[in-house]
Amino acid sequence: RSSDLQKVEALKLYINDVGNVISGYMEQLGDTKLATIVEWIRDLLSSTTINELKNRLSELIEDVRDRIYTMDIQKEFKMYLKQLSQLYDKLVTCISDQWNNAAKRITTLAEEYDLRHFGVKIIDFVEHGFIIPEIKTRLVYIPTFEVSLRALREATFQTPAFTVPLTDLYIPSVTINMMKLKEIAIPIRFKTPEFTILNTFTVPSYTIDLNEIKQKIVQTIDQMMSSEFQWPSSEVYFGELKMKDMLFAGVTFPEINLPELQVPEIIIPKLNLNNFQFPNIEIPEFQLPQIGRAH
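A brief report on the enclosed structure follows. (Residues numbered from 1 in each chain as written. Predicted model: local features only at pLDDT ≥ 70, side-chain atom pairs only at ≥ 80, totals over all residues. Heavy atoms only, no water.)

**Some words on the overall build of the protein**
Then step 1. Scanning the protein from N- to C-terminus turns up eight helices and twelve strands.
Then step 2. Residues counted as buried form 15% of the 295 residues belonging to the protein.
Then step 3. Restricting the contact set of the protein to residue pairs at least 6 apart, pairs at least 24 apart contribute 50%.
Then step 4. As displayed, the protein has an accessible area near 25,100 Å², and 60% of this comes from carbon and sulfur atoms. (Helix = DSSP H or I, 4+ residues; strand = E, 2+ residues; numbered from the N terminus. Buried < 20%, exposed > 50% of the residue type's maximum accessible area, 1.4 Å probe, protein only. Contact = heavy atoms within 4.5 Å. Areas by Shrake-Rupley, 256 points an atom, 1.4 Å probe, with all protein chains shown as cover.)

**Focus on the nonpolar core**
Here is a general trend for soluble globular proteins: nonpolar side chains tend to be buried in one another's company.
Then step 1. Formed by Leu81, Tyr88, Val92, Ala155, Met178, Leu181 and Ile186, the largest nonpolar core amounts to seven residues.
Then step 2. Excluding residues that lie within four positions of it along the chain, alanine 155 makes contacts with Tyr88, Ile176, Asn177, Met178 and Met179. (Core = buried A, V, L, I, M, F, W, Y, C linked by side-chain atoms within 4.5 Å.)

**Thoughts on the sheet that holds strand β6 (residues 161–163)**
Then step 1. Taken in spatial order, the four strands make up an open sheet running β2-β3-β6-β7, and their pairing is antiparallel. Across the chains shown, the open sheet's two edge strands, defined by having one partner strand only, are β2 (135–136) and β7 (170–171).
Then step 2. Here two bridges tie β2 to strand β3 (residues 140–142), and the two strands are oriented antiparallel to one another. Bridged to lysine 136 within β3 is tyrosine 141. (Pairing = 2+ DSSP bridges.)

**Side note on helix α4 (residues 73–112)**
Within an α-helix, residues lying three or four positions from one another point in the same direction, as the helix has 3.6 residues per turn.
Then step 1. With 40 residues, α4 extends 59 Å between its outermost C-alpha atoms, agreeing within 8% with the 58 Å of an ideal straight helix rising 1.5 Å per residue.
Then step 2. Restricting attention to buried positions, one finds in α4 the residues Ile73, Leu81, Ser85, Tyr88, Val92, Ser96, Trp99, Ala103 and Ala110.
Then step 3. Among the structural elements, α5 (116–128), α6 (149–154), β5 (156–158) and α7 (210–226) are those in contact with the buried residues of α4.
Then step 4. Positioned one or two residues after α4, aspartate 114 has a phi angle of 60°, which is positive. (Expected span 1.5 Å × (residues − 1).)

**Focus: the packing of α4 against α5**
Then step 1. Close contact between α4 and α5 brings their axes to 8 Å; oriented N to C, the two are set at 160°. In this view, α4 runs roughly antiparallel relative to α5, as classed from their interaxial angle. In this structure, α4 crosses over α5, and the sense of that crossing is right-handed. Of the residues in α5, those in contact with Trp99, Ala103, Ile106, Thr107, Ala110 and Glu111 of α4 are Arg116, Gly119, Ile122, Ile123, Val126 and Glu127. (Axes fitted to C-alpha atoms, helices over the stretch in contact; angles between N-to-C directions. Parallel < 35°, antiparallel > 145°, perpendicular 65-115°, else oblique. Left-handed = near helix turned anticlockwise from the far one by under 90°.)

**Some points on the packing of aromatic side chains**
Then step 1. Under the definition given, this model contains two aromatic pairs.
Then step 2. Here tyrosine 88 and phenylalanine 157 contribute two aromatic rings whose centre-to-centre distance is 6.5 Å and whose plane-to-plane angle is 85°, an arrangement assigned as edge-to-face. On the criterion of sequence distance, the pair formed by tyrosine 88 in helix α4 and phenylalanine 157 in strand β5 is long-range, its members being 69 residues apart.
Then step 3. Residue classification places tyrosine 88 among the buried residues on the basis of a relative accessible area of 11%.
Then step 4. Over the face of the ring belonging to tyrosine 69 we find arginine 65, whose NZ or CZ atom lies 5.0 Å from the ring centre. (Phe/Tyr/Trp six-rings, centres within 6.5 Å; stacked < 30°, edge-to-face > 60°. Lys NZ or Arg CZ within 6 Å of the ring centre and 35° of its normal.)

**Some remarks on α7**
Then step 1. Between its first and last C-alpha, α7 extends 24 Å over 17 residues, near the 24 Å set by a 1.5 Å rise per residue.
Then step 2. Listed as buried for α7 are Leu210, Lys214, Val218 and Ile221. Axial view of α7: buried residues confined to an arc of 75°, hence all on one face. Turned more than 90 degrees away from the buried face of α7 sit Lys216, Gln223 and Ser226, all of them exposed.
Then step 3. Structurally, the start of α7 carries an N-cap: the backbone nitrogen of asparagine 211 is 3.0 Å from a side-chain oxygen of aspartate 209. (Arc of directions from axis to C-beta. Polar contact = N/O pair within 3.5 Å; in protein donor to acceptor, adjacent residues only side chain to side chain.)

**Regarding unusual backbone geometry**
Then step 1. Positive phi values are uncommon outside glycine, yet alanine 155 reaches one of about 65°.
Then step 2. By secondary structure assignment, the location of alanine 155 is in the loop between α6 and β5.

**Here's the deal with the layout of surface pockets**
Then step 1. The volume enclosed by the second largest pocket comes to roughly 250 Å³.
Then step 2. Every residue along the wall of the second largest pocket is listed here: Ile142, Pro143, Thr144, Phe145, Glu146, Arg150, Ala151, Glu154, Thr156, Phe157, Gln158 and Pro160.
Then step 3. Breaking the lining of the second largest pocket down by element, the ones donating at least two residues are β4 (145–147), α6 and β5.
Then step 4. Of the residues in the lining of the second largest pocket, the class split is six nonpolar, three polar and three charged. (1 Å grid on protein atoms, 1.4 Å probe; cavity = no way out; pocket = protein on both sides within 12 Å on 5 of 7 lines; lining within 4 Å. Points joined across faces, edges and corners; volume = space filled by probe spheres on them. Nonpolar A, V, L, I, M, F, W, Y, C, P; charged D, E, K, R; others polar.)

Below, the structure written as structure tokens:
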């Protein structure tokens, strides 16, 4: 019992000592100038590891800058459009292969069950499909289009025409061929139409030059890489301001008082062996059977 109380008391003293050490450190920190702390953080950011990270970031930015500078915008767009056409071709080829296998099974089953006419109708329906009539609303116009495997293979579609919500900007319908996207002419310089928002605010027409935008991006990156950021002097901003002037400077650690633990006394009764007697144990009489002589 006494050893347990000593351990609890030692733990209480240890916790209070730790709290006193931290409180003392906080007091010393409170007398430290805030400018000194900022200078320490600045030195930390100027360490070797941070500099290495900065160098890697600079190399990445420089690589991006070179790629943008040497970029042929029209050629780049055509490359992505060509990849999109190739992806569409792979998709149509996969669907066609799966359908050809299914059509063969349908034909076999139709001939087996004497339903050849029905099988031909199913195959013709999938191949030629059906026509969706044009849809006209106040904001959207969807032209007539065919839903069929044939239309999917032909890859010629008309985009819907619509008016941008809350404006009078009208986007007309355009016919595109998914297999000939690379033949689309991408203008480097174009003008945006004038339109009105909510019949009140008019957005004027702008001329957009993609090469000019590219040059602006390159110039911005060059300025970022050529200019070196200079930290302002800490004394100018913080002066004689100390850490104890901050909101968290008054943080203190209260002394920890653990309640005294009392272990209840357990009394074990003493065993009296003087008057302890074993009861008389009677062993019953028994006889072993007689074993005859061997002849």
